[in-house]
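Here are the chains, one letter per residue:
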Amino acid sequence: MSDRYTSLKHRSSFCLYPATEGVDPLTEAAKTVVEWVVVKEGSYGGSPVVDDLGDGRAFPTAWDYASPEDYRGGDYDADRWPALACASRRDEGGRVCAWAAEYDEPDSAYRNRRWHTTVFLQREEDGSCRVSTESVCRVIEFYADPIPPTTAVPWVVRSLVDLPTCVARVGGTRLSSKLEVLTPQTINGFLDAVCDLDRTLPLVLCCSGFNGKVPDQAKEAVRRLTGIANVYEVDWTSEMLRERTIAFFDRPSVPEELVPTRGSVHVYRRGIDLYDDRTLRAHDFWTYTQANEERPNKFADGIARRLLPPQRVPGIADLRD
């Protein structure tokens, strides 16, 4: 289908590690996904998904499940009802080593749009669970208006990142679903992470104005970047934080415009080396004036679009290959 009629809204990939002994991240993640679907299905009277998977009855049924019974993933346009399909792969010992869930649902506000969310879980050799998620909005009538390209993080992604039984990481960086407000105790750790050549998770830094107010751009960035990047805010009214931040970047190898200033926004991708001009060219930044030329939500959406992972998320069809 043409891009005019489909829009990628979210894509992320991270790993869940057990927070305590005895926790199986794949099982915890799968339960979270099913609980999210059951809550959504609660708005549809007489939902078979609620009857089959609600009230703690999800597993083992949900390892391989379909509603309607003939749904096998992919687009579902039969009617206004949602559709859910789950499929698993097991290892030689019969343990689930991979699981995919695809949920196709109507838009609550636009009758000619549907949302398709895919979650793929893969057990890793180190005991973690690789979580890959994707959300796409599409129209089911070609004469309908095109879909706005704004991004949107499904609530299930936030729930997975915030699982109390697991720790979400991208590489060695702990993933956060909240705005991380830097303090005198955390500023050095953040600055070290910026130049960590092993870091793979993008970091977004938003500097406040001299009034100390959290920038609206930072709040909107968190809404659109959960699962994709961590968002930090530094209070520019704090002399210690301001001077420490400026001193860290203010060196001969760094162009003056890349040194954080009041109200500026910076995106630090992987592989930033403050002594290597080639890596600094990949650094995205906006001055206070540039960051405020657009509405905060549109500005943050532009950052999210830049950072969406390019890799396709596997689905149920991949488990059957």
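Above: the structure in question.
Residues numbered from 1 in each chain as written. Predicted model: local features only at pLDDT ≥ 70, side-chain atom pairs only at ≥ 80, totals over all residues. Heavy atoms only, no water.

**Some thoughts on the overall build of the protein**
Helix and strand counts for the protein come out as 10 helices and 13 strands. Against the 2.2 N^0.38 benchmark of 20 Å for 321 residues, the protein shows a C-alpha radius of gyration of 21 Å, consistent with a compact globule. Each principal axis of the C-alpha atoms in the protein carries an extent, and together these give about 65 × 50 × 35 Å. Going through the 321 residues of the protein one by one, you find that 50% of them count as buried. Surface summary for the protein: the accessible area is close to 15,700 Å², and the carbon and sulfur share equals 48%. If the 40 positive side-chain charges of the protein are averaged to one point and the 50 negative ones to another, these points end up 3 Å apart. (Helix = DSSP H or I, 4+ residues; strand = E, 2+ residues; numbered from the N terminus. Rg over C-alpha atoms; globule rule 2.2 N^0.38 Å. Buried < 20%, exposed > 50% of the residue type's maximum accessible area, 1.4 Å probe, protein only. Areas by Shrake-Rupley, 256 points an atom, 1.4 Å probe, with all protein chains shown as cover. Lys, Arg positive; Asp, Glu negative; His and termini not counted. Charge placed at Lys NZ, Arg CZ, Asp CG, Glu CD.)

**Focus on helix α4 (residues 187–194)**
Within α4, the full set of buried residues consists of Ile-187, Phe-190, Leu-191 and Val-194. With its buried residues spanning 95° around the axis, α4 presents them on a single face. Looking at the buried positions of α4, the neighbouring elements they touch are β10 (203–207), β11 (230–234), α6 (239–249) and β12 (265–268). (Arc of directions from axis to C-beta. Contact = heavy atoms within 4.5 Å.)

**Some details on the sheet that holds β11**
Read across the open sheet, the 5 strands follow the order β9-β11-β10-β12-β13; overall the sheet is mixed. Looking at strand neighbours, the two that pair on one side only are β9 (180–181) and β13 (284–286), the edges of this open sheet. Where β10 and β11 come together, 5 bridges link them in parallel fashion. When the bridges of β11 are listed, Val-204 appears paired with Val-231. (Pairing = 2+ DSSP bridges.)

**Structural notes on the packing of aromatic side chains**
As enumerated under the stated definition, the model contains 11 aromatic pairs in all. A centroid spacing of 5.7 Å and a plane angle of 35° characterise the contact between Tyr-44 and Trp-81, whose relative ring orientation is tilted. Here Tyr-44, found in the loop between α1 (25–41) and α2 (48–53), pairs with Trp-81, found in the loop between β2 (65–67) and β3 (83–90); they are 37 residues apart in sequence, far enough to count as distant. Considering the side-chain rings of Phe-249 and Tyr-268, the 5.6 Å spacing of their centres and the 10° angle between planes classify their relative orientation as stacked. Linking Phe-249 in helix α6 with Tyr-268 in strand β12, this pair joins segments that are 19 residues apart in sequence. Across the pair, Tyr-268 and Phe-249 agree in class, each one buried. Taken together, Phe-190, Tyr-232, Phe-248, Phe-249 and Tyr-268 form an aromatic cluster joined through their ring pairs. (Phe/Tyr/Trp six-rings, centres within 6.5 Å; stacked < 30°, edge-to-face > 60°.)

**A word on the pattern of salt bridges**
As enumerated under the stated definition, the model contains 17 salt bridges in all. We note a salt bridge from Arg-138 to Asp-104, for which the minimum N-O separation is 3.0 Å. Linking Arg-138 in strand β6 (residues 129–139) with Asp-104 in strand β4 (residues 96–106), this pair joins segments that are 34 residues apart in sequence. You can call Arg-138 buried: its relative accessible area is 3%. (Salt bridge = Lys/Arg side-chain N within 4 Å of Asp/Glu carboxyl O.)

**Examining the sheet that holds β6**
An order of β2-β3-β4-β5-β6-β1-β7-β8 is seen for the 8 strands of this open sheet, with the pairing classed as antiparallel. Edge positions in the sheet fall to β2 and β8 (173–174), since each of these pairs with one other strand and no more. Sheet topology places β3 next to β4; 8 bridges connect them, and they run antiparallel. Bridge pairing in β4 places Leu-84 opposite Tyr-103. Running over the sheet, α1 touches β1 (6–18), β3, β4, β5 (113–123), β6 and β7 (166–170) and is turned about 15° from β4. (Axes fitted to C-alpha atoms, helices over the stretch in contact; angles between N-to-C directions.)

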